[in-house]
Every structure is written in C-alpha cells, then in structure tokens.
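Structural characterization, general
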Amino acid sequence: MPHTYEPKLTTSAVPLADLFNYTDSEKEGKGNSDFGFDIPSIQRDFSWLPGVENDESKNDSSWRLIKDLLEFHERDPEGADTYFLGTVILFEQKGEDRLQIMDGQQRITALVCLLSMMRHLLLQFTDEEKLSDDHEEQEAFDWAEEIKVDFLQYRNQPALTPKSEKDRKTMGELISISGYHANPEAHLSKQGVSYNTRVEASGSPLYLSALLFWKELREHFDINKNGVMDKTELESLLRFFNTLRYRVIVNRTTTQDIGLAYRMFVTANTRGMPLNNFDIFRGLIIARGYQLRI
C-alpha cells in the first residue's frame, strides 16, 4: 500500500450553473470553459414520465421533479436554503471535449427539458419593456438567450446529446425553439405512441415531459390564467430560474477512469429502476470497450 495516493476522481458540490460550465482549472489542457454532455451507450434511454393523477404506482418522476422544485422555490422566497439533487457521475473520454454522463442522465435531461420550456415562455413576450429578476434588467429575448447559452447550447449543438435517435431529434427541437408557439405539441416530434392522461397526449417520455413542464410552468406563473405571460408573471418565472441555476445543488463527481465511474454508478444505483444482471454485465463489457478504445 503506497504512503501517498492520489484519488482518480474529483468531487464537489456545485450549483447547476457550475455543473453546466466546466472551468479551465477542472479540465486540463483546455483554453476555454467548454461544456457539453453526452449520454453513452452504457445508459438507458430517457424514461421519466408525467405520471397519472391519483395513482402513485405510475412513473411520475418528471411531475415530482417540477413539483418539488416549485415548492422549494415558493417556501424559501429569501433564498436562504439549498435544494440537493443528488450525485452526478461524469467521466472524461480522452480526446473528447464533452463529458460522458455515467449517472444522473435522467435528472440532467429533465432539467434541460424544463429550462427549454422556460426559454420558450420568455420568447412569447414581445413587449419592449425590460424584465428584472431583482438583480439585473434586460429584454425577454436576452433572458431567453442567457438560458440557451448557459444551459442549452454548446458550439451550436445541444448541450446534452441523448442516447436514442428519437430523443436527439426531440432535444434538438426543444433547444432550437424560437418565437411564439402557443402549443408546443404542434412544434415537437412525438417520437412515440405512449399515452399519458396528465398531459392528454401520446409520445416519447421526453416529449411528454416537455408538455408537462410547459403545462406546469404556465399554470403556476400565469396568475391571470389568460394564456399570456405578462411582465410581472415573467419576472416571477425569472426568479424561479435563479433558484434553479444558483440554489439547486448536485454533487459532481468526475473521473477519467470509466471503470471507476461505472463501479460508482452501480453502487449508487439504489433508487429508480434497479439494474438487472444483464444491465450490469452489458455495462461492464461497454466500459471495457471504452478502456481499450474499441
């Protein structure tokens, strides 16, 4: 046993704003604060759903996420508390400038989807009057661009690349949304046939989650219930945006050793849909392939 040992990982508690911005000091040899996430083949597809009213046995992870975040935001208006969203395990693939998500892809995908819908709501506001988040004042379009640059886009590509082709298509549509679309259902590709009663639509889990976030944000912040977000309502939405980027915290663990990343993932996989023996075996084979560069 050596007297000195340097861990093959780094870990720190960071707000979402820092999770999505990997700084120079954290990524050796990079001249810029680049960021971007890929979901490797070792992962499952995105599977969070809106759930069903009055039936907690159904998959309602997307609904629980936005309800928890809104409740946290409303009960702590002074901004004194922190919302912990668990651990995210990332690994750096040599020669790549995008981080691979070993654990946390469901949460990160859902958050990118939620932020896309927030940006969409801001883009509806055509009044020239500026919006304030209590710290800064700028036009709605500039706020929407801030969300896009900080969380949604990386070198003119989505900041997050889902595993499946259908989710990549939907993610691209979510992030490229511009202008006013009264109904995102008409703008996004359904990419699936599963029907959900909470949003009264059929589609893939990512598509249905997008509709859910759109519905919940409008119901929560459209106080007048007139279908149009006014200045005061959008400023409330911006304060919620600040809660997300500064007060929602994750424990970010990063390593260049995919084998270590996978072992941490298996150890940490104590909630959600359990891994079966095939998942574990498949993951080990894929991890070994990454190590051998095949």
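Scroll up a little and you will see the structure.
In this report, we go over the structure that sits alongside the text. (Residues numbered from 1 in each chain as written. Predicted model: local features only at pLDDT ≥ 70, side-chain atom pairs only at ≥ 80, totals over all residues. Heavy atoms only, no water.)

**Some words on the overall build of the protein chain**
Assigned secondary structure in the protein chain consists of nine helices and twelve strands. For the protein chain, the share of sequence-separated contacts (at least 6 apart) that also reach a separation of at least 24 residues comes to 69%. Of the roughly 14800 Å² of accessible surface on the protein chain, 49% is carried by carbon and sulfur atoms. (Helix = DSSP H or I, 4+ residues; strand = E, 2+ residues; numbered from the N terminus. Contact = heavy atoms within 4.5 Å. Areas by Shrake-Rupley, 256 points an atom, 1.4 Å probe, with all protein chains shown as cover.)

**Some remarks on helix 3 (residues 105–123)**
The end-to-end C-alpha separation of helix 3 is 27 Å, in line with the 27 Å expected for 19 residues at 1.5 Å each. For helix 3, the buried fraction is high: 19 of the 19 residues fall into the buried class. (Expected span 1.5 Å × (residues − 1). Buried < 20%, exposed > 50% of the residue type's maximum accessible area, 1.4 Å probe, protein only.)

**Overview of the environment of Lys169**
Looking at the element boundaries, Lys169 is found in helix 5 (residues 165–176). In this structure the C-alpha to C-alpha distance between Lys169 and Leu188, which are 19 residues apart in sequence, comes to 8.9 Å. Excluding residues that lie within four positions of it along the chain, Lys169 makes contacts with Ser189 and Gln191.

**Concerning the packing of aromatic side chains**
All told, the structure shown has five aromatic pairs when counted by the stated rule. Between Phe20 and Phe37, the aromatic rings sit 5.4 Å apart at their centres with planes inclined by 90 degrees, giving edge-to-face as the arrangement. With a gap of 17 residues between them, Phe20 in the loop between helix 1 (16–19) and strand 2 (37–38) and Phe37 in strand 2 connect regions that are remote in the sequence. You can call Phe20 buried: its relative accessible area is 1%. Residue Phe37 is classed as buried on the basis of its relative accessible area, which comes to 1%. On the basis of an interplanar angle of 35 degrees and a centroid distance of 5.8 Å, the ring pair of Phe221 and Phe240 is categorised as tilted. With Phe221 in helix 6 (residues 205–221) and Phe240 in helix 7 (residues 231–247), the pair connects residues that are 19 residues apart, well separated along the chain. (Phe/Tyr/Trp six-rings, centres within 6.5 Å; stacked < 30°, edge-to-face > 60°.)

**A short note on the packing of helix 3 against helix 5**
Contact geometry for helix 3 and helix 5: axes closest at 8 Å, N-to-C directions at 35 degrees. Helix 3 and helix 5 meet at a crossing whose hand is left-handed. Contacts from Thr109, Val112, Cys113, Ser116, Met117 and Arg119 of helix 3 reach helix 5 at Met171, Leu174, Ile175 and Ser176. Its residues assigned to classes, the contact of helix 3 with helix 5 shows six nonpolar, three polar and one charged. (Axes fitted to C-alpha atoms, helices over the stretch in contact; angles between N-to-C directions. Left-handed = near helix turned anticlockwise from the far one by under 90°. Nonpolar A, V, L, I, M, F, W, Y, C, P; charged D, E, K, R; others polar.)

**Focus on the pattern of salt bridges**
Summed over the entire model, instances satisfying the criterion amount to 14 salt bridges. Where Arg198 meets Glu53, a salt bridge forms, and the shortest distance between an N and an O atom there is 3.3 Å. Taken as a pair, Arg198 in the loop between strand 10 (195–196) and strand 11 (201–202) and Glu53 in the loop between strand 2 and helix 2 (61–75) lie far apart in primary sequence, 145 residues in all. Among the salt bridges present, the one from Lys169 reaches Glu173, with a minimum N-O distance of 3.8 Å. Of this pair, Lys169 and Glu173 both sit in helix 5, separated by four residues, roughly a single helical turn. Under the relative-accessibility criterion, Lys169 is labelled partly exposed at 43%. (Salt bridge = Lys/Arg side-chain N within 4 Å of Asp/Glu carboxyl O.)

**Some points on the side chain of Asp38**
Looking at where Asp38 falls in the secondary structure, it is placed in strand 2. Here Arg98 takes part through its side chain, which lies 2.7 Å from a polar atom of the side chain of Asp38. (Polar contact = N/O pair within 3.5 Å; in protein donor to acceptor, adjacent residues only side chain to side chain.)

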